[in-house]
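Close look at the chain arrangement
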Amino acid sequence: MPSLLYTGRIILSLDFIIFCLRLMHIFTISKTLGPKIIILKRMMKDVFFFLFLLAVWVVSFGVAKQAILIHNESRVDWIFRGVVYQSYLTIFGQIPAYIDGVDFSLDHCSPNGTDPYKPKCPESDATRHQPIFPEWLTVTLLCLYLLFTNILLLNLLIAMFNYTFQQVQEHTDQIWKFQRHGLIEEYQGRPPAPPPFILLSHLHLFIKRVVLKIPARRHKQLKNKLEKNEEAVLLSWEMYLKESYLQSQQDQQRQRPEQKMQDISHRVDTMVDLLEMDRLKQWGSMEQRLSSLEEQVAQTARALHWIVKTLRDGGLGSGEDPPTSAHQKASERQDLELDGRQEAEDLSHAPHVNARHLFYPNSPVLRFPVPDEKVPWETEFLIYDPPFYTAERKDQASLDPMAKNPKGRTGLRGCGSLSCFGPNHTLQPVVTRWKRNQDGAICRKSIKKVLEVLLVKHPLSEHWALPGGSQEPGETLPRKLKQILRREFWPSFENLLRQGTEVYKGYVDDPRNTDNAWIETVAISVHFPDQSDELKRLNSYLHACDPRMAIQWQVVDRRIPLSTTHKTILQKAAALYGAYY
């Protein structure tokens, strides 16, 4: 239609602008450009508020300027141009030439306003053709107008843009994820073909519904709520992400200059401790000799006390009690203090941690993630669906498959790699002796005596451990202890265990624990107070059946390389004898 060709071209031109702006919506999938589009959208809101303030200044200045310069302009389009359009262009530097009368010329205006292509001339003298409006007033208004619009309002707009940019930039990753989700939802609920090929989708839909009479099916929407198994998978995925994030944070922490300075400071502290230990060793010989002298004086005092008592019983001497030495009084006070600390504390009142490690040891099994607040059985955990795992063992026995871990959920059902359902009992002998110097005197640290403990390191383990573990049916000694002792010494060590002192009995937080099987241990202290023949026999019968296994006496200290459970047991044994830890 030739008469509407130009109108159609205008419409297509406007449509092309909208199409190009709509094309920016595709870039929301980009992690870099997506947040920038959000910044532009929010800046548009800032622009609308800014335009409201700007319109007040533009209209006020434009109306005042038009009323002062032009008299009785009757053309509406030229009134709009003078009031709004020219005032708006003035912000960008297009100042009207006739506003100050310097560049006034009748050639650029229409005196009576009859020329449709020229504005009406401002107020002027008909004879001299000079402007008669107050130039000082129009120039002053122009300066104030430019001051407030160009400096005040435009800087306010820049500040608003800067605030919006910073606010979005701080949450770029979250905004991009929400944008991506919204774009996926949009394309999920719309036909796949883009314009103009979308007409083919509408044609196909028309044929299916109207011609072929195929009933409409509800479009499958994205899920808003996960099923139980899907939520469990999500928890496992979050657990993976958490561990990956923590590992990356640890790696970054190690690379930070502050951490490197802290490591250097720790090394310096270690060197200072070593130097301090050397200094103490220099003074140690004298201190140990004094300690040996104190023991000899104490033995002499006891011998004199026995002699006096014997003589008195034989009828010789006075009936008064012999005087008590200060050393004997101190020993009695120390014994009373030790008697007051006989009751041992529990290993931990907190929920087990090692028993909830994601990877079950020596197997490809993954535990069901259990948060700290969901560990107790009394707490409701509807989606809790742990996998079942029982390793194939020839010596495995089933006691109570329905037994429940007394500490709570572990994320795994079954027997795991343990021998039986329910409690799996172990025995942990804590074999200790006093550390002595070359003169045979007992070493001391912080006034307290220093203990040495017998430890074992297995080939597949990174830590040292107490020589204990599970027992064979009908046997007294643990299997691991038999691996480091010759058979000839087994009966003697059984007698030592029967004479020993129990320091702990109860639950052990072990990575092998499950919901239906767990480890309970009994820790017995076997202490050699002096260099007796029994201790020498023990040292002579120590022999590892595996050459890769290590056996060693180590000084009892909080820095000893043991697991948390064994450290706690060893601390109780040290407290039992008032030794240093």
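Details of the structure are given in the entry above.
Now for a description of the structure that goes with this document. (Residues numbered from 1 in each chain as written. Predicted model: local features only at pLDDT ≥ 70, side-chain atom pairs only at ≥ 80, totals over all residues. Heavy atoms only, no water.)

The nonpolar side chains of a soluble globular protein tend to be buried, and buried together. Core analysis: the largest hydrophobic core is formed by 22 residues, its most contacted members being Val431, Leu485, Phe493, Leu497, Phe528, Leu538 and Trp553. Of all the elements in the fold, those that place two or more residues in this core are β3 (422–434), β6 (451–457), α11 (490–499), β9 (517–528) and α12 (533–541). For this core, the element with the highest residue contribution is α11, accounting for 4 residues. Residue contacts for tryptophan 553: discarding those within four places in its chain leaves Val431, Thr432, Arg433, Glu452, Val453, Leu454, Leu535, Leu538, Asn539 and Leu542. Within the second largest apolar cluster, 21 residues are counted, among which are Leu451, Val453, Leu562 and Ala579. (Core = buried A, V, L, I, M, F, W, Y, C linked by side-chain atoms within 4.5 Å. Buried < 20%, exposed > 50% of the residue type's maximum accessible area, 1.4 Å probe, protein only. Helix = DSSP H or I, 4+ residues; strand = E, 2+ residues; numbered from the N terminus. Contact = heavy atoms within 4.5 Å.)

With that out of the way, let us pick up the packing of aromatic side chains. To describe a pair of aromatic rings, one takes the distance between the centres and the angle between the planes. Tallying each qualifying case throughout the model produces 10 aromatic pairs. For the ring pair tyrosine 88 and phenylalanine 92, a centre distance of 5.2 Å and an interplane angle of 70° mean the geometry is edge-to-face. Ring centres of phenylalanine 368 and phenylalanine 381 lie 5.9 Å apart, and the angle between their planes is 70°; this geometry places the pair in the edge-to-face category. Residue phenylalanine 368 is located in the loop between α9 (326–339) and β1 (388–390), and its partner phenylalanine 381 is located in the loop between α9 and β1; the two are separated by 13 residues in the primary sequence. The buried category is assigned to phenylalanine 368, whose relative accessible area is 6%. Three or more aromatic residues joined by ring pairs make a cluster, and in this case those are Phe368, Phe381 and Tyr384. Looking at arginine 409, its charged tip hangs above the ring of tyrosine 384, at a distance of 5.3 Å from the centre. (Phe/Tyr/Trp six-rings, centres within 6.5 Å; stacked < 30°, edge-to-face > 60°. Lys NZ or Arg CZ within 6 Å of the ring centre and 35° of its normal.)

Time to look at a nonpolar patch on the surface. On the surface, a cluster of nonpolar side chains totalling about 840 Å² of accessible area is made up of Phe197, Leu200, Leu203, Phe206, Ile207, Val210, Val211, Leu212 and Ile214. Mapped onto the elements, isoleucine 214 comes out in the loop between α6 (198–211) and α7 (228–255). (Patch = residues over 30% accessible without salt bridge, like charges linked within 9 Å, V, L, I, M, F, W, Y side chains within 5 Å. Areas by Shrake-Rupley, 256 points an atom, 1.4 Å probe, with all protein chains shown as cover. Salt bridge = Lys/Arg side-chain N within 4 Å of Asp/Glu carboxyl O.)

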